[in-house]
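Coordinate analysis (summary)
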Amino acid sequence: MCVDHCFEKTLYYTSPGHGGWGIIRIAALVPQSHLMFICPSACFRHGALGAIQHGYKDRTSYLYIMPSDVVTGYDEIIMEGAKELLDGDEGIRVLFLFVACVDDFIGTDMDAVAKRVERQHPGVIVRACHMNPVAAETAKPPLVTCYQKMFSAIPAENRAAEKAVNLLGSFAPVDRECELFGFLDSCGGYQVRQLADYESFDAFCGMGRSLYNLVLMPGANFTAQFMDDTYGTRSLVSLISYDMEEIAEGYHKLALLLAGDEAGAKRLAAQFDFETVRQETIRSIRKAQETLGGMPVVVSDSAVLRPFSLARALLSYGFWVEEVIAQEVVGADRPAYEALCKEYPQLRITQPQHHRSAILQKGDTRMVGIGFEGAYLRQCDYVADLSGDEGMYGYYGVRRLMRMLERAVEQKADLKYMIEEYGAVV
Amino acid sequence: MRRLYRYLPPFAGDYSGVCSALYELGGMLCIHDAAGCTGNYVGFDEPRSYHSDKLIYCTGLRRTDAILGNEEVYIDKILRAAAEMKPRFIALVGSPVPYVIGFDFNGVAKEIERRADLPVFGFATNGMQGCYKDGVVMAVGRLIEHYAPDVLQAGGRKKRVNVLGATRLDFDMENLNAFLALLRENGYQVTGIPGMGNSVEEVCGFAQADINLAVTQAGLLLAMELEKKYGLPYLAGLPVGTFGSRCYFDCLRRVAETKESCLLSWEAAGRNVKTQQRQGGCKERGAGRAVVLEDAVIAASIRAELLAEGYEEVALASPFGEDQGTKLFAAECPRSEKEILETVNRADCHFIAADPLLLSHRRRKEGDILLELPKYAVSSKLMHHRRWVYIGDGWNEKVKM
């Protein structure tokens, strides 16, 4: 087990297994939106090809900029491009204007440009966004700002008044099989609202009328704060977890938020049969454990936001976690990381983007990789194809992960095919 | 508006061209960017990434370091990696941000070279102007400049050839192998394939060659430079189809005999295309007009075959930028999405050859023949599975006229 200094800043290696939800794919979740990129042509290649791959190319376009534009600015080019686009497509309700890294050094007043476009095209909501990984290590990286801009498209006149809970930070929808739906329904008919459910912009605006937000990943905190300030929602951070105790605690906090006091929270919790759900989850863990039969597990940060928390939970359930593949320790994962350092000093940790990762290690490949990147780097025979905690929450998430592990060991994975099917970061 | 692209993706950028050409050579390629440019290359412009042990890295450029000109951060990362990974050389490859902040690629390359005691090449690519083709020319040109001898060693046997301008962005291995097999069958020995070969020595294969074979626009630009510098003649073209291959090897024989460079055509081969048509039973066909939307050298090679098959006129259109090559082949150069789509939709042509992604925008008419030419620099892995061998007789197996 390494200590903190094993997380080195090196040249970054990008493995074929590196991928997940990028901001383009996330922003395209806003129904009836169009994403226009104003950037050097090369910057949008992955975006355009990814959009074709994932089926929303007709909702993206780009305006390429030239070196001379760096000097003269490109406000008028955006105005002209937006006009041509919007005049030719009346179905666009929201236009996201994305600028790339270079704009961080040019300083275009993109909010002003967005307002000008909005004035020229009444009925279209225009928001300026940044696709700028050059700002990745700042307080507001692109994903954080982009996510907030997406929700800022909901008109401010919407007020939090409806019995509904928004899930913030989940891109693929959480399945209705998740006990969260049943629990919220039992609390007086609360609905669950999530971005990926909507097909029309008007329906999406309903998220501005929900009473509560449940924040499933830290990157959505900024958006939750914005929604609280703008629409009057109330937010609770309840990160996706695979630890039974943490899940129970999350539901308790949610009940407390809805009920307003401890007594009310206990009453709400008692109305829902969590015990049956828990028992079912424990059974699924045991079953998966038996199926794996002690096979080593590799946990990757491409699968989950908090790989150390997942590794710790799996170890506590009796799985043999051999390695965690993580580029860094994110704040919300630090307690688990520190606990693992003490409890499981033999656990190996590898940075997937370290320059050494370019050379695949030779070793026993009879193991299960959770997540593509770790599976690729260790050439795992078996792969649980979880990416970015997609669709996971609560006890349901644990059960689903257990099913994935069981399915994974049924046959050797065609990892290359799986990676290609999933698609890279877009 | 010329700058608005709604339907097509941008094609592979200049930095991808540099990386693609250097990929196999044992170097450490460092793309100076935040993440996205490296993601473009590794994820979409490099078919060899899977199971590869090549050293392709992103420097992880960050805003504060860029603003403060804190180059030492990146120099340090590169030196640490080089000390451990032991590359043959280092390439520092540019992206838009370094261009905007005026990063001195040659200066930093020299500094790293001094401290690492390795050849280090700086490439001021910017992902804005030009395309992969320009990167290929830069990369191969720079290596030749560094590694090539002052004097050629060719012994005048006239049968040794060097393949210039081939990269995986233009060709898949199946087509390259078909080309090499044809060369061997016709008695030619290949001395090197910079861009698709696997050693630095191969980059200087031209030094042992009698003729450079330029197989793309990039190859033609490089071949012209080498002719100027070393007097080495070249042939620009590829053997496509039965007739086209005949034309190609006639041209190649002529270059070997006369030591004069040549662009593939029936005239250059000393043959009358009408005779070819008659021999091929195409006399009565009057096949109509065609347009080939590809790299100008590849497109011209396809034209040679199509003309012999009876097409009256075959237009060439290269969306990869105007240069001396496109001028020599009289290729059109559509410069925007609008112009590319107009070319794909030319009403006077019923035979259109292009990448499937471009062809998908053809408003279909009865009698249209759409020939897919999947190209990694255009459609990346999305259409790679539809590749086929058009070099040599492979063309005739697919294209039943």
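Please read these numbers as outputs of a predicted model, since none were measured by experiment.

Structural notes on the overall build of chain B
- Of the regular secondary structure elements, chain B holds 18 helices and 14 strands.
- In summary, chain B has a C-alpha radius of gyration of 22 Å against a globular reference of 21 Å for 401 residues, a match within 12%.
- A principal-axis box enclosing the C-alpha atoms of chain B has dimensions of 70 × 55 × 35 Å.
- Scored against the burial criterion, the 401 residues of chain B give a buried share of 64%.

Section: the overall build of chain A
- Tallying secondary structure elements over chain A gives 17 helices and 14 strands in all.
- Against the globule reference of 22 Å for 426 residues, chain A gives a C-alpha radius of gyration of 22 Å, in line with a compact fold.
- Taking the principal axes of the C-alpha coordinates as reference, chain A spans close to 65 × 55 × 35 Å.
- For chain A, the proportion of its 426 residues judged to be buried stands at 60%.
- Partitioning the intrachain contacts of chain A with sequence separation of at least 6 by distance along the chain shows that 74% fall at a separation of at least 24.

Brief notes about the interface of chain A and chain B
- Contacts between the two partners involve 63 residues from chain A and, on the opposite side, 64 residues from chain B.
- Summing the contributions of chain A and of chain B, the shared interface buries around 5500 Å²; its carbon and sulfur component is 64%.
- For the pair chain A and chain B, the number of links is 7 salt bridges.
- In this structure, Arg356 of chain A and Glu84 of chain B form a salt bridge, with 2.6 Å as the shortest nitrogen-oxygen distance.

What to know about the pattern of salt bridges
- Under the defined criterion, the tally for this structure stands at 50 salt bridges over all chains.
- Close ionic contact of Glu313 of chain B with Arg289 of chain B constitutes a salt bridge, the shortest N to O distance being 3.6 Å. Of this pair, Glu313 of chain B sits in strand E12 (residues 311–317) while Arg289 of chain B sits in strand E11 (residues 288–293), and the two are 24 residues apart along the sequence.
- The class of Glu313 of chain B is partly exposed, set by a relative accessible area of 40%.
- Residues joined by salt bridges that share partners form a network here, namely Glu8 and Arg356 of chain A together with Asp76, Arg80 and Glu84 of chain B.

Quick look at the packing of helix H1 (residues 14–22) of chain B against helix H7 (residues 132–147) of chain B
All names here are of chain B.
- Relative to each other, H1 and H7 sit at 45°, their axes nearing to 6 Å. Judged by the inter-axis angle, H1 sits oblique to H7. Crossing of H1 against H7: the hand is right-handed. Judged by residue contacts, Asp14, Gly17, Val18, Ala21 and Leu22 of H1 engage Tyr132, Gly135, Val136, Met138, Ala139, Val140 and Leu143 from H7.
- Among the residues making up the contact of H1 with H7, the classes are represented as 9 nonpolar, 2 polar and 1 charged.

Concerning the sheet that holds strand E12 (residues 348–350) of chain A
Residues and elements named next belong to chain A.
- Strands sit in the order E12-E11-E10-E13-E14 across an open sheet of 5 strands; the sheet is parallel. Looking along the sheet, the strands with just one partner apiece sit at the ends: E12 and strand E14 (382–384). Averaged over all pairs of adjacent strands, the angle between their axes in this sheet comes to 20°, without regard to strand direction.
- The pairing of strand E13 (residues 368–370) with E14 spans 3 bridges and is classified as parallel. Bridging across to E14, Val368 finds its partner in Tyr382.
- Here helix H16 (residues 394–408) sits on the sheet and contacts E13 and E14; the angle it forms with E14, its principal contact strand, is near 160°.

Thoughts on helix H10 (residues 217–230) of chain B
Residues and elements named next belong to chain B.
- The terminal C-alpha atoms of H10 lie 20 Å apart, and with 14 residues this matches the ideal 20 Å at 1.5 Å per residue to within 8%.
- Among the 14 residues of H10, 10 are classified as buried, and the element is accordingly described as predominantly covered.
- Within H10, burial applies to Gln217, Ala218, Gly219, Leu220, Leu221, Leu222, Ala223, Met224, Leu226 and Tyr230.
- Looking at the residues trailing H10, positive phi occurs at Gly231, about 70°.

Here's the deal with unusual backbone geometry
- Positioned with a positive phi, Gln32 of chain A is a non-glycine residue whose angle comes to about 55°.
- Take Gln32 of chain A: it is sitting in the loop between helix H1 (23–27) and strand E2 (33–39).
- Owing to a relative accessible area of 30%, Gln32 of chain A belongs among the partly exposed residues under this scheme.
- Located in the positive-phi region is Lys259 of chain B, a residue other than glycine, with phi close to 60°.
- Tracing the sequence through the fold places Lys259 of chain B in the loop between helix H11 (241–258) and strand E10 (262–263).

Some points on the side chain of Arg193 of chain A
Residues and elements named next belong to chain A.
- Tracing the backbone shows Arg193 in strand E7 (residues 191–194).
- Reaching out from Arg193, the side chain makes a polar contact with the side chain of Glu162 at a distance of 2.6 Å.
- There is a polar contact of 2.7 Å between the side chain of Arg193 and the backbone oxygen of Gly206.
- Not counting residues within four places of it along the chain, the set of residues in contact with Arg193 comprises Glu162, Ala164, Val165, Asn166, Leu167, Tyr198, Gly206, Met207, Arg209 and Ser210.

Comments concerning the sheet that holds E11 of chain B
All names here are of chain B.
- Spatially, 4 strands are ordered E12-E11-E13-E14 in an open sheet, and the strand pairing comes out parallel. Since the sheet does not close on itself, it has two edges, and those belong to E12 and strand E14 (369–372), each with one partner. Neighbouring strand axes in the sheet, compared pairwise and without regard to direction, differ in orientation by 15° on average.
- Running at roughly 175° to E12, helix H13 (residues 296–308) makes contact with E11, E12 and strand E13 (351–354) of the sheet.
- Strand contacts of helix H15 (residues 337–344): E11, E12 and E13, with the helix running at about 145° to E11, the strand carrying the most contacts.

Section: the nonpolar core
- Ranked by internal contacts, the top residues of the largest apolar core, which has 167 residues, are Phe98, Met150 and Phe151 of chain A together with Leu22, Leu183, Leu213 and Trp395 of chain B.
- Ranked by residues supplied to this core, first place goes to H13 of chain B with 9 residues.
- Residues within four places of Leu183 of chain B in sequence aside, it is in contact with Val161, Val163, Tyr188, Val190, Leu213, Tyr248, Phe249 and Leu252 of chain B.
- In this structure, Leu258, Ala384, Tyr395 and Val398 of chain A belong to the second largest nonpolar core, which totals 71 residues.

Cut-offs and rules
- Residues numbered from 1 in each chain as written.
- Chains lettered and ligands numbered in written order.
- Predicted model: local features only at pLDDT ≥ 70, side-chain atom pairs only at ≥ 80, totals over all residues.
- Heavy atoms only, no water.
- Helix = DSSP H or I, 4+ residues; strand = E, 2+ residues; numbered from the N terminus.
- Rg over C-alpha atoms; globule rule 2.2 N^0.38 Å.
- Buried < 20%, exposed > 50% of the residue type's maximum accessible area, 1.4 Å probe, protein only.
- Contact = heavy atoms within 4.5 Å.
- Buried area = accessible area lost by both parts, 1.4 Å probe.
- Salt bridge = Lys/Arg side-chain N within 4 Å of Asp/Glu carboxyl O.
- Axes fitted to C-alpha atoms, helices over the stretch in contact; angles between N-to-C directions.
- Parallel < 35°, antiparallel > 145°, perpendicular 65-115°, else oblique.
- Left-handed = near helix turned anticlockwise from the far one by under 90°.
- Nonpolar A, V, L, I, M, F, W, Y, C, P; charged D, E, K, R; others polar.
- Pairing = 2+ DSSP bridges.
- Expected span 1.5 Å × (residues − 1).
- Polar contact = N/O pair within 3.5 Å; in protein donor to acceptor, adjacent residues only side chain to side chain.
- Core = buried A, V, L, I, M, F, W, Y, C linked by side-chain atoms within 4.5 Å.

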